[in-house]
Each structure stands twice: as structure tokens, then as C-alpha cells.
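Residue strings, one per chain:
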Amino acid sequence: MNESANRHAVVVGLFVTLGLIFLLGGILLVGNLHNTFKSKIKVVTIFEDIGGLQKGNNIWFSGVKIGTVSDLHFYGKSQVEVSMNIVTKAQQFIHKDAKVKTSTDGFLGNKILIIYGGTSESQEVEDGDTLEVAKTTSTDDMMATLQESNKNLLAITGDIKIISKKLATGEGTIGKLLNDNSVYTNINAATASLQSASVKAQQLISSLSGFSSGLNKKGTLANELVTDTAVFKSLKASVMQLQHIADTASAFIANLKQAESNPDTPIGVMLHDKEAGASFKVTLKNLESSSEKLNEDLKAAQSSFLLKGYFKKNAKAGTGDSVK
Amino acid sequence: MENTELHTINKDESVISITGLYKSFDDVQVLDGIDFTLLKGENFAILGKSGSGKSVLIKIIVGLLKPDKGEVIVLGQQVDKLNRKELDALRIRVGFSFQSSALYDSMNVYQNLAFPLTMNYRDLSKKEVGNAVEEVLESVGLKEKLYQMPSDLSGGQRKRVGIARMLILKPEIMLFDEPTAGLDPITSNEIIELINEVKKQNNASSLIITHDLTCAKNTGDRIAMLFEGKFLKAGTFKDVFAMDNEHIKGFYNYNFIQ
Amino acid sequence: MDNSNNKKLLFSKGIDNAFISVSKAFRFTALFFKEAFKRPFHLREIFNQCFEIGIKALPLITLTGFVVGMVFTKQSRPSLEEFGATSWLPSLMGIAIVRALGALVTALICAGKVGSGIGAELGSMNVTEQIDAMEVSAINPFKYLVVTRVTATTITIPVLALYCSFLGLLGAYVNVHSVEAISIVTFCQNAFSSIRFLDIFSSLFKSIVYGFTIGIVGCYMGYNATQGTRGVGKAANRAVVLSIFLIFIEEIVIVQVTNWIRYF
């Protein structure tokens, strides 16, 4: 009885132990089994430098994990042959002319192999194929490029520093221009006279429009005069031209002001350029003289027999604030 | 085996009846064919050297150990065939006093005594339990030790508390395992008197396992000598020690020289 | 019975004995489940044991949890500093403590403190015949001693693990605060942002399993202690060693299963 009880206990113990071992082993292995049971093909590639790639590193294709690095060993003089296990599911998407490169998972992550490219003209990869290696842009390379760009940047900023220093101290043409006050004064004066000219033009135009409304009143002398359509048309055209000139002038002044205040724009630079400044001065003078001429024209218009009556009336109504 | 007279006794009067009992541990045969009967209202003392299998015998009687072979009938029931519930019901009727007293050392005296009672009779009120505890404690003469921890008691006191804990369930059979072991002669005598007294009070049968001749002589109506797993002789003290057997003589001499 | 009968062994004596102890342990565990759901439940004793276990382990867990959290943060800082990612520290600590450290540290401490205590207590009860004394008083000692203690550890250790995790995070916060001076609200938001329900659930499940392991191993060792006082020491020692061993195995298995679920 004692003996059989013992035997029974041993058998129970044996079964419990085996059961536990299977359960434990099962749980620990099953995690990897679904990989083990997946059918795979083996593909080889030969690298000059694998950059720290290790057995078991992942292989990506279009950003999807399709296998692992199964083996690494030296090949030829100093090359490294990398064997890859790739799941057969991915086989149909990878073509024989696909390329392989090393990369990293994220910026600081594990080394990975990336298979990319390949054209549909080429056949699907098969077990034992060798894929070509592409020139890698590893993090190291990226860093090197970055380093180069950094150097260039440094050089550029150095140059800019020198230029700005020279500009500030008034060296060179632009510097001198920038630091020459007379040009600025000239421009200021020119714009002032332009402004006054345009004000006068405005006044003239408003007087003219007042006059022309008077023309519409029947029975007046002027009306009668104007019913002669030919004279009226030419008069109208000249008034419109005047208006146009005045508009252009004021827009030009606005542009000028802006340009002057912003010396970085091409206009600003141009403005501050000596030669350009000189020719501009000439232009301004011309402008000045043209506006003077405009003034004279206006005076002539005042004394013209056609408009004389109107201007007189206007001078009476206003408090002497009329065109001289 | 000279135990023929035991078998002449009417079985109806027996509370414990053992026939052909064998028990071994690993390679050692501890009990090698034991037959004996405990009668109602009788004190039976089993004498033997330590390691002679006395403790194993009474542990088999209460079902703490299973026999390899043989029939053990206690109060009409075969112990090794009972299920847990039946065994518990039987154990309430059979008291057991341990050699080491086996007091629960995380409980004080009161809790030690109340524990078997409250666990077996869950509907008892606190007062009823208190009364029962005081009663048994008084009967062993330790009323004032109610709230002491076992570690604060002397060996004799612990033995008494152990006996009180046995008594609290009012057993029909009392089993004493080495009641005088490790005690000085005066305390031993007190315990012997106590055993006789509680037996009278409870009108119970007792089985006393001892290696102490004095104890066996003073408590046992009949005694038996256990040697190498067998009873050498059963009968009254005079009968046993009148026998011309070297082991009995040796045991007798050893005890009284000491 | 012939003595030679006992020599009929399946393998050798040592191997047979090893299997016998496995089957004993298996039966012991099975008996627990059989007895645990039967009346009477000894709820008061379960409560007492919970309280005792909690009191026993609390100071040690308070200290260890806090220190582990703080030291772990301190040690992780340089690695994250390298990437300028110290702002991830709360998140890292949250994951480390909630997923792994809280339950594991608590289990290891309780295996040492509670498991050995149970082993020694039941061991000494066993060698001084107190368990037999219960048995002969018609009290089921397995139910009264083992079921209550195992239930208590299974309940208490998850609570202690939760407490340990809390203190671990507190320790981590103290260290993070001393350097980054972030508020506790920000810390908590960071720390809990990367913790999923699965993490908390698996941690809780783990500590329940650990609690059960500590209880059942301690009880088994104590309940089967032999050889007097020396056996008591042995039982306590074995309880610690075996339960720590089992805790690590369970950790591996549960983490594996959790990860399946996580990436399912």
C-alpha cells in the first residue's frame, strides 16, 4: 500500500512537472512560433560597410517589416555578405532589381535594412537571389552633409557680417549713398513741390468741374458757347488728361516715399545709387519744371477768354483762395 | 504473543479494538502486529522505550497516521475508512494530550481552551464558553492563569492546560502521550493524580502511553509492554513484571535505578 | 511488509523524491482550492492575517518603494539627458513602476518578510504538534491555518503593491522635482499619460498571483516542516527561496502573455 502510494505520487509528480514545463515552454515559445512557422525565403546582399547592422535586425519594404537579418559574414576582401529571411507574403512585391540599403529605425533607433525600388518589368525575387546595394544615406552621411552646409552657412554669414560693417561705416558706393544726407534732402524737396503741384491740379480740376456744371445751364453765355460740341469735346478731353496726370503724380509720390523709407528694396538701392540718384535728380528737375509749366498753363487757362468769367466768379465766392 | 486474555473480553464493552496493526516508516518497521482492546471505563497504560512506536500507535488511533495494515476500531468505527466529517465527529469524542502539550503559542490560556469549543460549537455564546473554560481550568487547578501566554507557564502547568484543553470537549476516550515526560517527580505525581481524577470525573476510558514505570503503575488498571513493535505482555502491573523476560527486567531495573 | 518493497523505485531515490514533493505540492495547492470555497470561511482569521501581513510589511515597503522610485529616476536621468529627453522621466518612471517595479518589489519584500514568517510560524506549529493538536480537536488545520493565510496574502499583497507603486512614483517625483521643479499635477499627467488600462490590470493580476504564491509556498513549507527546530529554519528559508524563484518565473510568463495582448 505504502509502495503503490509512493509510485502513484511519483507518477503524479512527473506529470505535473511535465505539464508545467510544456505550459511554460509553450507560453515562452509561442510568441516566437508564429514567426517560426511562417514560410520564408532567403535573399543575400553584399555590403561594403554594414554600419553596425546585427543579426536579427529588421528588414523593411515600403515601411513594412518583412523579415530579419539571419546571418552576417565576411565575403571577399573586406565585404560583408548579409543573409535576409523574408516572408513569402512579401515576395511578390519585391523584384529582382530592387535595391538594399542600411538605415535606422527613427533618428536614434536600431539599424535596419531597407529594400526599395524595383520595377515590374523585372521578375519577382526568388530564394537565394542576390540583391544589389544602393549608395547609403546613413545618418553619418546626413551628418556629413549637414556639417558641410553648416560650414557654408558660416562662410555666408561671415561675408554678410563684413558687408554690413562696411555699410555702417560708409565704405563703398552703397555705404556712401546711405550716409549722404544731400540726396535725401533733394528727394524731400522734390516730393514737396510735387505735392504742391498736385494740390493745385486738384483745385483746378474741382474748379473745372464746377465750371462745366455751369456750362450745362441753358441760356448762359458759356452754355451757348459750349453747345458747340467740337469745342466742348476737346475741353473735356483736356480736363480728363489733367486728372490723369494728377493721379499718376500722387501715386508716384506714394511709391517714392515707400521706396525711400526702405533702402533694402531694389528701388531703395537704386535711389541710393549715386548715378541713379543723379539721373533721378534730373528727372525730378524735369518734373519740377513740368509742374511749373503746368502752373503757367493753368494761369493761361485763367486768362483764356472762355474761362475768364468763371474764374472771376470763383475768386469772388472764395476768400481770395484761388489759383494765382 | 501473550495477549490471549484480551481477546476473551466481550467486544461490546470495548471502546478501542485493534487487530493485526502494522506500520512502517521508510525501512523501519515501527508496529509489527499489534492486537489490543481498551475497555470502557478502563485505564490502560502502554510502556515502552522511546522510539518503540508508542506515539505512532495512538496517532493511528486518532487518525493522524494511517496504518499499513490492520483494523483499528474506535467507538465502533474503523478509523482509516472515515471521511473528514466522520473523523471530526469521532475526534470530538476522543481526547488527545500531547507529550509537548502542543499549546497554541500565539494564544493565551483562555483562547487555547476556548478555541476547540468555539470551532466545533459555533452557536455557543461568549458566556457559555467562558463558563466552560473556567470549569475545566478549575478542574486542573489553574484558574488564576487564565490570561497568561503558554510561554509564561512551567512545564507542569502547560501539561495541565493541555489536559484541560482535551477535557473541554468532554471526551469518552482520553489518550495521554507521555504525560509525565520531562517533569520532576513531584510534578509527575501531581499529573498522575490528575489523570486518575479526571478519569473518575468524566467516567471515561484512558490510554496512557509512557516510558515511566511509576506513571504506568499508578495510572494503569492494566499495562502492556511494547518492545520492537510488539506487545511483550499485557496484564496487571504485577503480572507483567512477574514475567521472566530480559527486556522487561531490563526496563524495570533501568527505571528504578534512575 | 518487506523492506525491500520500498526499494522499488521508478527512477533513483533522489529523482523519485523530487517528483513526490512536486506531487505533494500539487495536491497541497489543489486542496487549497477545494477547501477555500467550502464553509466555514474563518473570515475573522482572514482579516487578522491581512492586518498582520500588512503591518509586518508596511514599513519596509514604504522605505523600499520610495527609495526605488527615487534611485531609479536618478539612475535613468543621465541616459535621458544624453538626448535632452529628461522631460520623459515621469513617463518612463510611470511605466517602469506601474508595469514592473511596484508589483515585483512588493512581492520580493513580502516573500522575504511575510513568506518566511508564514513558513516559520507554521513550521514551528508543526514541529511542536500544534497542527496535530488542531486536527485531533476536530478543527481542520488546513482550513484554519493555510486557507486563511493564503487568502490573506492574495488579498493584501496587491494592496501593498499599489501602495508601493504610489510611493515609488512619489520618490520619482521628489527627484524630478528637485531638478526640473515641475508641479505634481504635471508630473502625474506625464506619468499616467503612457499607462494603459492593460498595464494596471496586468500589474494587479501579477500581484494577485505573487500573493498567492507567497502564501501557498510559505504554508506548504511550514506545513511539511520536519526535524524539529532546525526544520523550522529550513522551512522559512525554503519558503523565501522557492517563492522568489516562482515569482520570477511567473513574471516572465505574465509579461509574455501581457505583451501578446498588448500587440494583439
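Thresholds, definitions, all that
Residue positions within a chain follow its written sequence, with the count starting from 1. Ligands are numbered from 1 and chains lettered from A, in the order in which they are written. This being a predicted model, a pLDDT of at least 70 is required before a residue's local features are given, and a value of 80 or more before pairs of side-chain atoms are given or counted; all residues contribute to the totals for chains, interfaces and linings. Segments assigned H or I by DSSP are reported as helices when at least four residues long, segments assigned E as strands when at least two residues long, and all are numbered from the N terminus. With C-beta atoms placed from the backbone, a residue is buried if 20 or more other C-beta atoms are within 10 Å of its own, exposed if 12 or fewer are, and partly exposed between those counts. Note on contacts: residues are paired as contacts if their backbone-placed C-beta atoms lie within 7 Å. Pairs of strands are assigned from DSSP output, requiring at least two bridges between the strands. A helix is expected to span 1.5 Å for every residue after the first. To get the bend at a given residue, fit one axis to the seven residues ending there, fit another to the seven starting there, and take the angle between those axes. Note that Gly is not counted as nonpolar here; it falls among the polar residues with everything else outside the nonpolar set of Ala, Val, Leu, Ile, Met, Phe, Trp, Tyr, Cys and Pro and the charged set of Asp, Glu, Lys and Arg. Residue-level confidence of the predictor is what pLDDT reports, using numbers from 0 through 100. To obtain each axis, a line is fitted to C-alpha atoms, and for helices this fit is confined to the stretch in contact; angles are then taken between N-to-C directions over 0 to 180 degrees. Throughout this description, any angle smaller than 35 degrees is read as roughly parallel, any larger than 145 degrees as roughly antiparallel, any in the 65 to 115 degree range as roughly perpendicular, and the remainder as oblique. In this scheme the crossing of two helices becomes right-handed for a clockwise turn of the near helix relative to the far one and left-handed for an anticlockwise turn of less than a right angle. Take the buried Ala, Val, Leu, Ile, Met, Phe, Trp, Tyr and Cys residues, join any whose C-beta atoms are within 7 Å, and the set you get is a nonpolar core.

For chain C, the count of helices and strands is eight helices and zero strands. For chain C, the succession of helices and strands along the chain, N to C, is α-α-α-α-α-α-α-α. Residue burial in chain C is summarised as follows: out of 264 residues, 45% are buried. Considering only contacts in chain C between residues 6 or more positions apart, those separated by 24 or more positions represent 88%.

Right, let's get into the overall build of chain B. From N to C terminus, chain B includes ten helices and ten strands. With 258 residues in all, chain B has 45% of them scored as buried. Of the contacts made within chain B by residues no fewer than 6 positions apart, 66% connect residues no fewer than 24 positions apart.

Moving on to the pairing of strand 3 (residues 64–75) of chain A. Within a regular beta strand, the side chains point alternately toward one face of the sheet and then the other, so they alternate between its two faces. Residues and elements named next belong to chain A. As paired elements, strand 2 (residues 58–61) and strand 3 share four bridges and run antiparallel to each other. Across the sheet, Ile59 pairs through a bridge with Gly67, a residue of strand 3. Two elements, strand 3 and strand 4 (residues 79–87), share eight bridges in a ladder whose sense is antiparallel. Residue pairing in the sheet places Phe74 in a bridge with Val80 of strand 4.

Moving on: the environment of Asn112(B). Residue and element names in this part refer to chain B. Relative to the assigned elements, Asn112 resides in helix 4 (residues 109–120). On a C-alpha basis, the gap between Asn112 and Gly162 in space is 8.8 Å, while along the polypeptide they are 50 residues apart. Among residues more than four places away in sequence, those in contact with Asn112 are Leu103, Tyr104, Met107, Pro150, Val161 and Arg165.

All right, on to the pairing of strand 10 (residues 230–235) of chain B then. Residues and elements named next belong to chain B. One ladder, built from five bridges, connects strand 9 (residues 222–227) with strand 10; its direction is antiparallel. By the bridge assignment for strand 10, Leu226 is matched with Phe231. Remark: two residues form the turn of the hairpin made by strand 9 and strand 10, two consecutive strands paired antiparallel; Glu228 in that turn has positive phi of roughly 50 degrees.

Turning to helix 2 (residues 43–82) of chain C, a few remarks are in order. Residues and elements named next belong to chain C. With 40 residues, helix 2 should cover 58 Å at 1.5 Å per step; its first-to-last C-alpha distance of 55 Å lies within 8% of that length. Along helix 2, the sharpest change in direction is near 45 degrees and occurs at Leu58; proline Pro59 comes one to four residues later. Listed in full, the buried residues belonging to helix 2 are Gln49, Cys50, Ile53, Ala57, Ile61, Thr64, Gly65, Val68, Gly69, Met70, Phe72 and Thr73. Where the residues of helix 2 are buried, they touch helix 3 (89–127) and helix 5 (141–180). Of the residues one or two after helix 2, Gly84 is the one with positive phi, at around 65 degrees.

It is worth spelling out the interface of chain C and chain A at this point. Taken together, the contact between chain C and chain A spans 16 residues of the former and 15 residues of the latter. At the level of elements, helix 1 (13–36) and helix 8 (228–262) of chain C are the ones that each hand at least two residues to the side of chain C that touches chain A. Broken down by element, the side of chain C that touches chain A gets its largest block of residues, six residues, from helix 1 of chain C. Of the residues belonging to the side of chain C that touches chain A, the class tally is ten nonpolar, four polar and two charged.

Before going further, it helps to spend a moment on the confidence of the model for chain C. Residues and elements named next belong to chain C. Within chain C, residue pLDDT values average 89, and 97% of them lie at 70 or more. The low-confidence segment residues 1–6, where pLDDT is below 50, has eight contacts with residues more than four positions distant or belonging to other chains. Among the prediction metrics, the complex's ipTM stands at 0.84, with pTM recorded as 0.67.

We now examine the environment of Gln54(A). Counting through the fold element by element, Gln54(A) comes out in the loop between strand 1 (40–47) and strand 2. Placed 17 residues apart in sequence, Gln54(A) and Asp71(A) show a C-alpha to C-alpha distance of 8.3 Å.

Another point: the confidence of the model for chain B. Confidence along chain B averages 82 in pLDDT terms, with 90% of residues attaining 70 or more. Scored below 50 in pLDDT, residues 1–9 of chain B shows 14 contacts in the model against residues more than four places distant or in partner chains.

So, on to the sheet that holds strand 8 (residues 205–210) of chain B. Residue and element names in this part refer to chain B. Read across the open sheet, the six strands follow the order 6-7-8-3-9-10; overall the sheet is mixed. Each edge of the sheet is formed by a strand with only one pairing partner; in this case those strands are strand 6 (94–97) and strand 10. Each strand axis lies, on average, 15 degrees off the axis of its neighbour in the sheet, ignoring direction. Examined bridge by bridge, strand 3 (residues 43–47) and strand 8 share five bridges and lie parallel to one another. Residue pairing for strand 8: Leu47 is matched across the bridge by Thr210. Across the sheet, helix 6 (residues 155–167) lies against strand 6 and strand 7 (173–177), angled at about 170 degrees from strand 6, the strand it touches most.

What follows is about the packing of helix 3 of chain C against helix 6 (residues 184–193) of chain C. Two measures define how a pair of helices packs: the angle their axes make with one another and the distance between the axes. All names here are of chain C. Two elements in contact, helix 3 and helix 6, have axes whose closest approach is 7 Å; the angle formed by their N-to-C orientations is 55 degrees. Our classification of the angle between helix 3 and helix 6 gives oblique. Every pair of crossing elements has a handedness; the one defined by helix 3 and helix 6 is right-handed. Each of Pro90, Ser91, Met93 and Gly94 in helix 3 lies in contact with helix 6, whose residues at this interface are Phe187, Asn190, Ala191, Phe192 and Ser193.

Attention now goes to the nonpolar core. Counting 135 residues, the largest nonpolar core has Ile46(B), Ile61(B), Ala164(B), Leu175(B), Leu207(B), Ala107(C) and Cys110(C) as its most contacted members. For this core, the element with the most residues is helix 3 of chain C, which contributes 19 residues. Not counting residues within four places of it along the chain, the set of residues in contact with Ile61(B) comprises Ile16(B), Val72(B), Val74(B), Val79(B) and Leu175(B). Counting residues in each nonpolar core, the second largest holds 17 residues, with Ile66(A), Leu113(A), Ile115(A) and Leu131(A) among its members.

All names here are of chain C. Where helix 2 contacts helix 3, the axes come no closer than 9 Å and their chain directions differ by 145 degrees. Crossing hand, helix 2 versus helix 3: right-handed. Classifying every residue of the contact of helix 2 with helix 3 gives 17 nonpolar, seven polar and three charged.

Residues and elements named next belong to chain A. Taken together, seven strands build a closed barrel; the order of strands is 1-4-3-2-6-5-7 and the barrel is mixed. Averaged over all pairs of adjacent strands, the angle between strand axes in this sheet comes to 40 degrees, irrespective of strand direction. Pairing of strand 5 (residues 99–104) with strand 7 (residues 130–133), which is carried by two bridges, proceeds in the parallel orientation. Each residue of the ladder has a partner; that of Lys99, found in strand 7, is Glu132.

What follows is about unusual backbone geometry. With an omega of -10 degrees, the peptide bond running from Arg39(C) to Pro40(C) counts as cis. Position of Pro40(C) among the secondary structure elements: in the loop between helix 1 and helix 2. The phi angle at Ala102(B) is positive, at roughly 50 degrees, despite the residue not being glycine. Tracing the sequence through the fold places Ala102(B) in the loop between strand 6 and helix 4.

Note that Asn85(A) resides in strand 4. Sequence separation of Asn85(A) and Lys40(A) is 45 residues, and the distance between their C-alpha atoms is 5.9 Å.

With 24 residues, helix 1 of chain C extends 34 Å between its outermost C-alpha atoms, agreeing within 8% with the 34 Å of an ideal straight helix rising 1.5 Å per residue. If you check which residues of helix 1 of chain C are buried, you get Phe19(C), Ile20(C), Ser23(C) and Phe32(C).

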